[in-house]
Amino acid sequence: MKSLNKNIIRRSLKSVWHPCSQMKHYNQDNLIPIKRGKGVWLYDFDEKKYLDATSSWWVNLFGHNNPLIKAKIKKQIDLLEHSMIAGLTHEPVIELSEELSRLTKLGHCFYGSDGANAIEIAIKMSTHYWRQNKKQQKNKLVYLRKSYHGETLGALSVTSVPIFKESYKNLLKKHIQVDSPDWRDHSENETQEEFEKKKLDELRCVFEKKHNSISAMIIEPLVQCAGGMAMHSKNYLHGVARLCKEFEIHLIADEVAVGFGRTGSMFAYQQAKISPDFLCLSKGLTGGYLPLSAVLTTKKVYRTFYHDRIAYGFLHSHSYTGNPLACAAALATLSIFKKQKIIQSNRQKTKMINRLLSDLKSFPVKNFRNQGMIWAFEVDHKIDPLKIQKFCLQHGLLIRPIGSTFYLMPPYCIKKTEAKFMINVLLRGIENAM
Ligand SMILES: *Cc1c(COP(=O)(O)O)cnc(C)c1O
């Protein structure tokens, strides 16, 4: 049978500059043209199917081709596809803002188009806030080693992943990096409590010395995802929030990746029983249908911008701010959480997948860790991760290791047979590379 894939791949490699890629490394075997999707599966042009074990960069919470989200977008598209929301407003954006406020107890929802936008917005709001409170010297951010907050210049300036940052360092403002509470870095005979207390003490020292120049601390609550699925406890997060309060520093919770159920609760920060000053949401917000991000904040911040003078307002904008179709997709996503009791049903899925992964014990892997619907581990340094990835691809499993870190962040709709398939292929892939 003639392959339909081949021609598509050839055209793509000629015309598309693919993200996060070395174009020279692409060939006929490692670029997959996707024709359609359904549930956890993506299908290429030759009808070969692949299980999307990363939820397409963590956005497709309920997999592909979800009937409820589709229906809601279709309904909206007949009413209003887009109108600006400076000077105008519409129902989807109002309803979504109300709904997000209800879920987070924060409010005054400000919209962007993707995760990096949300980070830019939070950084600008925070420093602008201090400026308006006559503390313009508070304009530095504190961020963690291993953090990832996006790749526009502001977001990249608080991202620590060297390979993303190095080439642009002349363009970036220098902020303050502190050590990551990544539990893998603990020394022998150290409990997690002791290890994290040490990290919090270091943070306190930085705050004590520099709080007059610090606007905000930005953190990915519970899991630093793109930095290698580095996990910390809710106690650490709680400690950070306490220090921020004590030293009058804003806390920006970047839940672009971990929000919407990924860590086992609707939002990761809720597990630490804290309330951030800014909450950044994107990725899963529309269930993978349309680009949208939101930043929620406190009354206190909002009031600082509420003023007679235009220049005191938050004048930031993006062309597609609050796009009605994207808001409709987000509303459908939130209604699925409610209707299908996703948080509760995910608890069962977490247990089920943990049981299936217990076979990993006899494999050359280390640092197995799990938080909600995220699983990660490292393969032994003698094993080539790319060889595993290639095997998985050949056998219908899409995974994207970060160095030697393998992780699973499957869509929440994954069924037991599908989870078995996912884990079985992955284990055989490791075996094959040994
Ligand atoms: C992906 C991600 C971002 C950036 O989002 P984009 O939509 O890719 O710009 C920011 N923060 C975190 C934690 C992310 O995982």
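Everything in this summary refers to the structure shown in the same document.

About the cut-offs
Residues numbered from 1 in each chain as written. Predicted model: local features only at pLDDT ≥ 70, side-chain atom pairs only at ≥ 80, totals over all residues. Heavy atoms only, no water. Helix = DSSP H or I, 4+ residues; strand = E, 2+ residues; numbered from the N terminus. Rg over C-alpha atoms; globule rule 2.2 N^0.38 Å. Buried < 20%, exposed > 50% of the residue type's maximum accessible area, 1.4 Å probe, protein only. Areas by Shrake-Rupley, 256 points an atom, 1.4 Å probe, with all protein chains shown as cover. Lys, Arg positive; Asp, Glu negative; His and termini not counted. Charge placed at Lys NZ, Arg CZ, Asp CG, Glu CD. Core = buried A, V, L, I, M, F, W, Y, C linked by side-chain atoms within 4.5 Å. Contact = heavy atoms within 4.5 Å. Near = heavy atom within 4 Å. Polar contact = N/O pair within 3.5 Å; in protein donor to acceptor, adjacent residues only side chain to side chain. Nonpolar A, V, L, I, M, F, W, Y, C, P; charged D, E, K, R; others polar. Phe/Tyr/Trp six-rings, centres within 6.5 Å; stacked < 30°, edge-to-face > 60°. Lys NZ or Arg CZ within 6 Å of the ring centre and 35° of its normal. Patch = residues over 30% accessible without salt bridge, like charges linked within 9 Å, V, L, I, M, F, W, Y side chains within 5 Å. Salt bridge = Lys/Arg side-chain N within 4 Å of Asp/Glu carboxyl O. Axes fitted to C-alpha atoms, helices over the stretch in contact; angles between N-to-C directions. Left-handed = near helix turned anticlockwise from the far one by under 90°. Pairing = 2+ DSSP bridges. 1 Å grid on protein atoms, 1.4 Å probe; cavity = no way out; pocket = protein on both sides within 12 Å on 5 of 7 lines; lining within 4 Å. Points joined across faces, edges and corners; volume = space filled by probe spheres on them.

Moving on to the overall build of the protein. Scanning the protein for helices and strands turns up 14 helices and 16 strands. The C-alpha atoms of the protein give 22 Å as radius of gyration, which agrees with the globular expectation for 434 residues (22 Å, within 12%). Projected onto its principal axes, the C-alpha positions of the protein cover 70 × 60 × 45 Å. Looking at the 434 residues of the protein, the share that counts as buried comes to 55%. A total of about 21,300 Å² of accessible surface is found on the protein, and carbon and sulfur atoms cover 54% of it. Charged side chains of the protein number 64 positive and 39 negative; the gap between the two group centres comes to 3 Å.

By size, the foremost hydrophobic cluster in this structure holds 107 residues, and its most contacted members are Leu 100, Phe 207, Met 217, Phe 260 and Leu 426. Top contributing element to this core by residue count: helix H11 (residues 324-339), with 10 residues. When neighbours within four sequence positions are excluded, Phe 207 is seen to be in contact with Val 142, Ile 214, Met 217, Leu 243, Cys 244, Phe 247 and Ile 249.

Right, let's talk about the site of the ligand for a bit. Neighbouring the ligand are Trp 58, Asp 114, Gly 115, Ala 116, Tyr 148, His 149, Gly 150, Glu 220, Asp 254, Val 256, Ala 257 and Lys 283. In this structure, an oxygen atom belonging to the ligand sits 2.8 Å away from a main-chain N or O atom of Ala 116. In the environment of the ligand, a nitrogen atom lies 2.6 Å from a nitrogen or oxygen atom belonging to the side chain of Asp 254. In terms of residue class, the shell around the ligand is built from 5 nonpolar, 3 polar and 4 charged.

The subject of this paragraph is the packing of aromatic side chains. Scanning the entire structure with this criterion turns up 16 aromatic pairs. With a centroid separation of 5.0 Å and 75 degrees between ring planes, the pair formed by Phe 110 and Phe 314 is classed as edge-to-face. Remark: Phe 314 occurs in the loop between helix H10 (299-305) and H11 and Phe 110 occurs in strand E4 (residues 107-112); sequence separation between them is 204 residues. The pair formed by Phe 110 and Phe 314 is uniform in burial state, with each residue classed as buried. Members of the aromatic cluster, connected to one another through ring pairs, are Phe 62, Phe 260, Phe 267, Tyr 269, Phe 337 and Tyr 412. Seen from the ring of Trp 41, Lys 49 lies directly overhead, with NZ or CZ sitting 4.1 Å from the centre.

Looking now at a positive patch on the surface. Together, Arg 347, Lys 351, Arg 355, Lys 416 and Lys 420 give the surface a local cluster of positive charge. Of all elements in the fold, only helix H12 (342-356) and helix H14 (416-433) reach the threshold of two or more residues within the positive patch. Looking at the positive patch element by element, the count peaks at 3 residues for H12. Here Lys 351 shows up in helix H12.

Let us look at the packing of helix H3 (residues 67-79) against H11. Contact pair H3 / H11: the axes reach a minimum separation of 8 Å and the direction vectors enclose 145 degrees. When the axes of H3 and H11 are compared, the crossing they make is right-handed. On H11, the residues touching Leu 68, Ile 69, Lys 72, Ile 73, Gln 76 and Ile 77 of H3 are Pro 324, Leu 325, Ala 328, Ala 329, Leu 331, Ala 332, Thr 333 and Ile 336. Here the contact of H3 with H11 is composed, by residue class, of 11 nonpolar, 2 polar and 1 charged.

Here we come to the sheet that holds strand E16 (residues 405-408). The strand order E13-E14-E16 describes an open sheet built from 3 strands, whose pairing is antiparallel. The sheet terminates laterally at strand E13 (365-371) and E16, the two strands that pair on one side only. Taking each pair of neighbouring strands and ignoring which way they run, the sheet shows an average axis angle of 15 degrees. Across 5 bridges, E13 lies against strand E14 (residues 374-379) in antiparallel orientation. Paired with Asn 370 across the two strands is Trp 375, which belongs to E14. Contacts from H14 reach E13, E14 and E16, with the element oriented near 170 degrees to E16.

Moving on to the layout of surface pockets. Here the second largest pocket defines a volume of roughly 740 Å³. Residue lining of the second largest pocket: 25 residues in total, with Ile 85, Cys 109, Phe 110, Phe 314 and His 316 positioned closest to the centre. Within the residue set of the lining of the second largest pocket, elements represented by two or more residues are helix H4 (91-104), E4 and H10. Of the residues forming the lining of the second largest pocket, the biggest block, 4 residues, is contributed by E4. For the lining of the second largest pocket, the class distribution of residues is 15 nonpolar, 10 polar and no charged.

You can see Ser 282 is positioned in the loop between strand E11 (278-281) and strand E12 (293-297). Owing to a relative accessible area of 5%, Ser 282 belongs among the buried residues under this scheme. Here Gly 115 takes part through its backbone nitrogen, which lies 3.3 Å from a polar atom of the side chain of Ser 282.

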